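Summary of structural features
Chain by chain, the residues run as shown.
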Amino acid sequence: MGPHPAVAAIRLAVRRVLHDVLTDLTELPAHASASAATSAVAGRGTDGRTPGGTPPLVLVACSGGADSMALASALAFEAPKLGIRAGGITVDHGLQAGSDLRAAEVLTRMTALRLDPVESVAVRVGRGGGPEAAARDARYAALDEAADRLGAVAVLLGHTRDDQAETVLLGLARGSGIRSLSGMAEKSGGPGRTNRYRRPFLQVDRQTARKACMVQSLAVWDDPHNIDPAYTRSRLRHEGLPALEKALGKGVVEALARTAQLSRDDADALDAWAAEAETGVRDEDGRLECAKLYALPPAVRRRVLRRAVVAAGSPAGSLFARHIEEVDRLITGWRGQGAINLPGRVEAQRQGGRLVIRQG
């Protein structure tokens, strides 16, 4: 008799991601040079091992909640069968009384699953961008540091299909365009850390993860912040989505998750188009030509402008659709207006048929 359907579902999702991790470690583009090949696999052999024979390490980011505990258990079960070491990291945000004790409990639970290494990392959460964004920034910084220090090839995150639906709705509320509607990627990472973060559960609903914990007798911790109406995502989870399902019927979560994937495909294609188009709208001195920008489709032109603004020093996380719309008016609605001030002390100004974007 096989495992419970919920347990089978989470294990299958993790198995697929681990296969992808191994594939990324061993497969190289046919045109890659020898030096590029060596860099791409970070000194690992064709089976993903280091020159010393150490199996690759995959970490799970575990808060102790049902989603991440289900992920930790599935990783612990699947990784050894593929010759992968499985470890765990829990981040103590220090935002609640006794958070250090809960982090210690999570360490004990991960150790009981035979994850190794396991660590608890305490962080200090700032105030930039609001409490949710500040906690997220601190968490990812800690996970990056731990992954670098431990030499992990990937970090698994327990975001579910329900989390994806919430992310799409939050993006819709911001009105920031198709990229905001694309939600969370299955693979993501910052500069030099491409595809570090993997999200195996984006096609798994939250209830399945919780059921998997229950049938395996895994203790879980329910974060009170998840039901605190002071947090936007909490209000959306407990008030917004239920109201949508009541008005529109069941299937809203699945539809939103499907919208995320379709939007991501479209956004990726438009980004690639913009990257290619950018070289054709610059003069011999590298300046953006307004007439050539005007001839581009609006979706492509705005992406070219955003790339140029970010390259000039504007923080991508602080740059919103309204900023790019103002810059776009220098191209499409030119009335002799002055410079546009942008985040990061960057300004955009039209001068003699050219768009000048620089840090002031």
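In case you missed it, the structure is sitting above this.
Residues numbered from 1 in each chain as written. Predicted model: local features only at pLDDT ≥ 70, side-chain atom pairs only at ≥ 80, totals over all residues. Heavy atoms only, no water.

Two elements in contact, helix α10 (residues 252-278) and helix α12 (residues 298-311), have axes separated by 8 Å at closest approach and are oriented at 70 degrees. Classified by the angle between their axes, α10 and α12 sit roughly perpendicular to one another. Every pair of crossing elements has a handedness; the one defined by α10 and α12 is right-handed. Each of Ala267, Leu270, Asp271, Trp273, Ala274, Ala275, Ala277 and Glu278 in α10 lies in contact with α12, whose residues at this interface are Ala299, Val300, Arg303, Val304 and Arg307. (Axes fitted to C-alpha atoms, helices over the stretch in contact; angles between N-to-C directions. Helix = DSSP H or I, 4+ residues; strand = E, 2+ residues; numbered from the N terminus. Parallel < 35°, antiparallel > 145°, perpendicular 65-115°, else oblique. Left-handed = near helix turned anticlockwise from the far one by under 90°. Contact = heavy atoms within 4.5 Å.)

This part covers the sheet that holds strand β5 (residues 187-188). The strand order β3-β2-β1-β4-β6-β5 describes an open sheet built from 6 strands, whose pairing is mixed. The sheet terminates laterally at β3 (118-122) and β5, the two strands that pair on one side only. The sheet contact formed by strand β2 (residues 85-92) and β3 spans 5 bridges and is parallel. Each bridged residue has a counterpart across the sheet, and for Asp92 the counterpart in β3 is Ala122. Its contacts with the sheet put helix α3 (residues 66-78) on β1 (57-61), β2 and β4 (152-156), and the angle it makes with β1 is roughly 160 degrees. Contacting β2 and β3, helix α4 (residues 99-112) runs over the sheet at an angle of about 170 degrees to β2. (Pairing = 2+ DSSP bridges.)

So, on to the side chain of Gln164. Tracing the chain through its elements places Gln164 in helix α6 (residues 161-174). The residues contacting Gln164, other than those within four sequence positions of it, are Ser182, Gly183, Met184, Leu202, Ala257 and Ala260.

On to the pattern of salt bridges. For the structure shown, the criterion picks out 30 salt bridges. Residue Arg287 pairs with Asp285 through a salt bridge whose shortest N-O separation is 3.8 Å. A relative accessible area of 56% places Asp285 in the exposed class. Here the salt bridges share partners, and the residues they tie into one network are Asp283, Asp285, Arg287, Glu289, Lys292 and Arg354. (Salt bridge = Lys/Arg side-chain N within 4 Å of Asp/Glu carboxyl O. Buried < 20%, exposed > 50% of the residue type's maximum accessible area, 1.4 Å probe, protein only.)

Now for the sheet that holds strand β8 (residues 340-342). Pairing within the open sheet is antiparallel, and its 4 strands lie in the order β7-β10-β9-β8. Two strands close off the open sheet at either side, each with one partner strand: β7 (288-289) and β8.

Each neighbour pair has its own omega, and for Asp116 with Pro117 the value is 10 degrees, a cis peptide bond. Note on placement: Pro117 falls in the loop between α4 and β3. Positioned with a positive phi, Arg114 is a non-glycine residue whose angle comes to about 70 degrees. Tracing the chain through its elements places Arg114 in the loop between α4 and β3. Positioned with a positive phi, Asn195 is a non-glycine residue whose angle comes to about 65 degrees. Within the secondary structure, Asn195 sits in the loop between β5 and β6 (197-198).

Here we take up the packing of aromatic side chains. Taken as a whole and assessed by the stated rule, the structure comprises 1 aromatic pair. One Lys or Arg, Arg11, reaches over the ring of Phe77 and ends 3.6 Å from the middle of that ring. (Phe/Tyr/Trp six-rings, centres within 6.5 Å; stacked < 30°, edge-to-face > 60°. Lys NZ or Arg CZ within 6 Å of the ring centre and 35° of its normal.)

Time to look at the pairing of strand β9 (residues 346-351). Relative to β9, β8 runs antiparallel, the two sharing 3 bridges. Paired with Leu342 across the two strands is Val346, which belongs to β9. Counting the residues in the hairpin turn of β8 and β9 gives 3 residues, including Gly344, whose phi is positive at 80 degrees.

On to the packing of helix α1 (residues 5-26) against helix α8 (residues 206-215). Axis separation between α1 and α8 bottoms out at 8 Å; the angle between their running directions is 115 degrees. The crossing of α1 and α8 is left-handed. Together, Ala6, Val7, Ala9 and Ile10 of α1 and Thr208, Lys211, Ala212 and Val215 of α8 make up the contact between the two elements. Taken together, the residues of the contact of α1 with α8 break down into 6 nonpolar, 1 polar and 1 charged. (Nonpolar A, V, L, I, M, F, W, Y, C, P; charged D, E, K, R; others polar.)

On to the nonpolar core, then. In this structure, Val58, Leu75, Leu115 and Phe201 are the most contacted members of the largest nonpolar core, which totals 37 residues. Those elements giving two or more residues to this core turn out to be α1, β1, α3, α4, β4 and α8. Among all residues touching Val58, those that are not within four sequence positions of it are Leu18, Val21, Leu75, Ile84, Arg85, Ala86, Gly87, Val153, Ala154 and Leu156. The next biggest cluster of nonpolar side chains, apart from the first, holds 25 residues, and it includes Leu270, Val300, Leu330 and Val346. (Core = buried A, V, L, I, M, F, W, Y, C linked by side-chain atoms within 4.5 Å.)

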